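Working through the structure, step by step
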Amino acid sequence: MLICNPITYYGNYLNIRIMTNTKYIFVLGGVASSLGKGIISASLAKLLQARGYNVTIQKFDPYINVDPGTLNPYEHGECYVTSDGAETDLDLGHYERFLNQPTSQANNVTTGRIYQTVINKERHGDYLGETVQIIPHITDEIKYRMKILGEKGLFDFVITEIGGTVGDIESLPYVEAVRQLKWELGNNALVIHLTFVPFLAAAGELKTKPTQHAVKALLELGVQPDILVCRTEHHLNISLRNKIALFCNVESSSVIESIDTDTIYNVPILMHEEGLDSEVLKKLNIKDGKTPNLTEWDSFLKRLKNPLYEVNIGLVGKYVELKDAYKSISEAFIHAGAANLCKVNVKLIQSENINDDNAESYLKKLNGILVAPGFGNRGIEGKISAVKYARENKIPFFGICLGMQCAVIEFARNVLLMNDANSTEMNKRTEFPVINIMENQKEIENKGGTMRLGSYPCKLKTNSKAYQAYGKPDIEERHRHRFEFNNQYLQQFIDKGMIATGNFEEKNLVEIIEIPEHPWFIGVQFHPEYRSTVAAPHPLFVSFVKATKENL
Ligand code: GLN
């Protein structure tokens, strides 16, 4: 624990230098949000990893929710789940996909979690009569969490991305923590500021003023950035770089261009060409003559950019206005597409618009249909109609979490003729509760962090498509749900041709359902999309895309 008594406490406050070789890189953003701090952080991490270093990335989010689990996807996009069961920001998905390395609860911290910890300590009496304040108590808790992964001795680099934009009221304590740490850590810390260089079409010019102002905003808070990464639609010429360098107190070589590109997976290559990784090493006094080994990454890009096939897959869900709501699913299709030398066009389809009568008009041109995860009633009947269309027309079907539950409901209604079959999430009084609340969920009232979350083992039946895809009987997958298949009905499903091919044996929970008579019909209670990475595309996505190719 960082804070035990006032003496050690102010010892920390007064900046004792930390004797560690771990290097801390902070990535902040100015001018606007959505410039791609997550992708820049992940790309830098990839380049350092490709040079043989151990790297981890963490994200600090300035909002007051304790975690993003209770957030509507419209707010910040999908909620990403780690294997240790943390509900986190979607940027952690990028970190895992780029590094092929798991993250954990410690990699995502919010203001809510910081305050919760400090307030709990205050109630516990840990501050021994002090007035508890933003500085030093909140900032010290932030600093403690910024350093915690580095102090395990496992990482050469800890990259910390600060959410939001410098200048926001809510990010002030984080910038202050970075200011203090930069001083304490000396040569072991480095600040990268991601800014924007807009192109004014009327003037036909790139403008550096927003970047100058963004750096000024950071300087006002006492932080001099070491490296500027400038997001732009057009190349920055040398005189523009010199101008930015002059006004922002950085070397010209530290002005890094981040140009728009057609896939986020180009960014590590672009950053390497711009010299971001060498500049980081130079600034941290690390002599490293090696170049990053990007052979695997390059071969992935080659496969991605030279597809031999093209398929259209419908993603039936209710958050279709916002691509980020299904981020991990879209990325998993990119990985699986590259593995199949196949361009996958993911068509987002609003489930609220679909019914049994019009399903064909929405779905007939598709080579495969994926019904998305989700919560609550909205759009559920359309998802069930989409399953019916895929099942009856033998279109490859993949159901994830709620999508799997919809497949079970559809089969119950239309094959087992249980007319009002449903999940008790949607209809508590249904006569046929084929999807039911899990036993240990019944008494839970708090919504935050209380679902069945994180990795659980699953045993596969060897004569199944799932087993063929994974090539092994024992798997582990990540979960985020409260409802489950109701085993009371299992035999009736089996008798009519829907079988359970994956099981969590300890609790006898059905994790995978299949229809063997169908070319490819799989529903999974877990979220395979969270485990798909560039280096290890998810086997079920690879197998599904292969099936859609065969359905061309
Ligand atoms: N709402 C469903 C449940 O809680 C499915 C959740 C999901 O799709 N992640 O079980």
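Thresholds applied
- Residues numbered from 1 in each chain as written.
- Predicted model: local features only at pLDDT ≥ 70, side-chain atom pairs only at ≥ 80, totals over all residues.
- Heavy atoms only, no water.
- Patch = residues over 30% accessible without salt bridge, like charges linked within 9 Å, V, L, I, M, F, W, Y side chains within 5 Å.
- Areas by Shrake-Rupley, 256 points an atom, 1.4 Å probe, with all protein chains shown as cover.
- Salt bridge = Lys/Arg side-chain N within 4 Å of Asp/Glu carboxyl O.
- Helix = DSSP H or I, 4+ residues; strand = E, 2+ residues; numbered from the N terminus.
- Buried < 20%, exposed > 50% of the residue type's maximum accessible area, 1.4 Å probe, protein only.
- Pairing = 2+ DSSP bridges.
- Axes fitted to C-alpha atoms, helices over the stretch in contact; angles between N-to-C directions.
- Contact = heavy atoms within 4.5 Å.
- Parallel < 35°, antiparallel > 145°, perpendicular 65-115°, else oblique.
- Left-handed = near helix turned anticlockwise from the far one by under 90°.
- Nonpolar A, V, L, I, M, F, W, Y, C, P; charged D, E, K, R; others polar.

Moving on to a nonpolar patch on the surface. On the surface, Tyr 115, Ile 119, Ile 134 and Ile 135 cluster together to form a nonpolar patch covering roughly 330 Å² of accessible area. Listed by contribution, the elements that provide at least two residues to the nonpolar patch are helix H5 (111-124) and helix H6 (134-148). Checked against the element boundaries, Tyr 115 lands in helix H5. Among the residues examined, Tyr 115 registers a relative accessible area of 31% and is labelled partly exposed.

With that settled, the discussion passes to the sheet that holds strand S13 (residues 342-350). The mixed open sheet is built from 9 strands, whose spatial order is S13-S12-S14-S15-S23-S22-S21-S18-S19. The open sheet has two free edges, formed respectively by S13 and strand S19 (474-481), since each of these has just one partner strand. Strand-to-strand twist of the sheet, defined as the mean angle between neighbouring strand axes without regard to direction, takes the value 25°. Those strands touched by helix H16 (residues 402-414) are strand S14 (368-371), strand S15 (397-400), strand S22 (509-514) and strand S23 (521-524), and its axis lies near 115° from that of S15.

Here Ile 135 lies in helix H6. Note on Ile 135: relative accessible area 38%, which makes it partly exposed. In sequence terms Ile 135 and Ala 177 are 42 residues apart; their C-alpha atoms lie 9.0 Å from each other.

Time to look at the pattern of salt bridges. Enumeration over the complete set of coordinates arrives at 36 salt bridges. Where Glu 251 meets Lys 282, a salt bridge forms, and the shortest distance between an N and an O atom there is 3.8 Å. Here Glu 251, found in the loop between helix H9 (238-248) and strand S11 (255-259), pairs with Lys 282, found in helix H11 (residues 276-283); they are 31 residues apart in sequence, far enough to count as distant. Classification of Glu 251 by relative accessible area gives partly exposed; the value is 43%. Between Glu 477 and Arg 531 there is a salt bridge, with the nearest N and O atoms lying 3.1 Å from each other. With Glu 477 in strand S19 and Arg 531 in the loop between S23 and helix H19 (539-550), the pair connects residues that are 54 residues apart, well separated along the chain. The network of salt bridges with common partners includes Lys 59, Asp 61, Asp 89, Asp 91 and Glu 161.

It is worth spelling out the packing of helix H2 (residues 37-50) against helix H4 (residues 91-99) at this point. At a minimum axis distance of 9 Å, the contact between H2 and H4 shows a crossing angle of 25°. It follows that H2 is roughly parallel to H4 by the angle criterion. For the crossing formed where H2 meets H4, the hand is right-handed. Together, Gly 38, Ile 39, Ala 42, Ser 43, Ala 45, Lys 46 and Gln 49 of H2 and Asp 91, His 94, Tyr 95, Phe 98 and Leu 99 of H4 make up the contact between the two elements. Looking at the contact of H2 with H4 residue by residue, the classes come out as 6 nonpolar, 4 polar and 2 charged.

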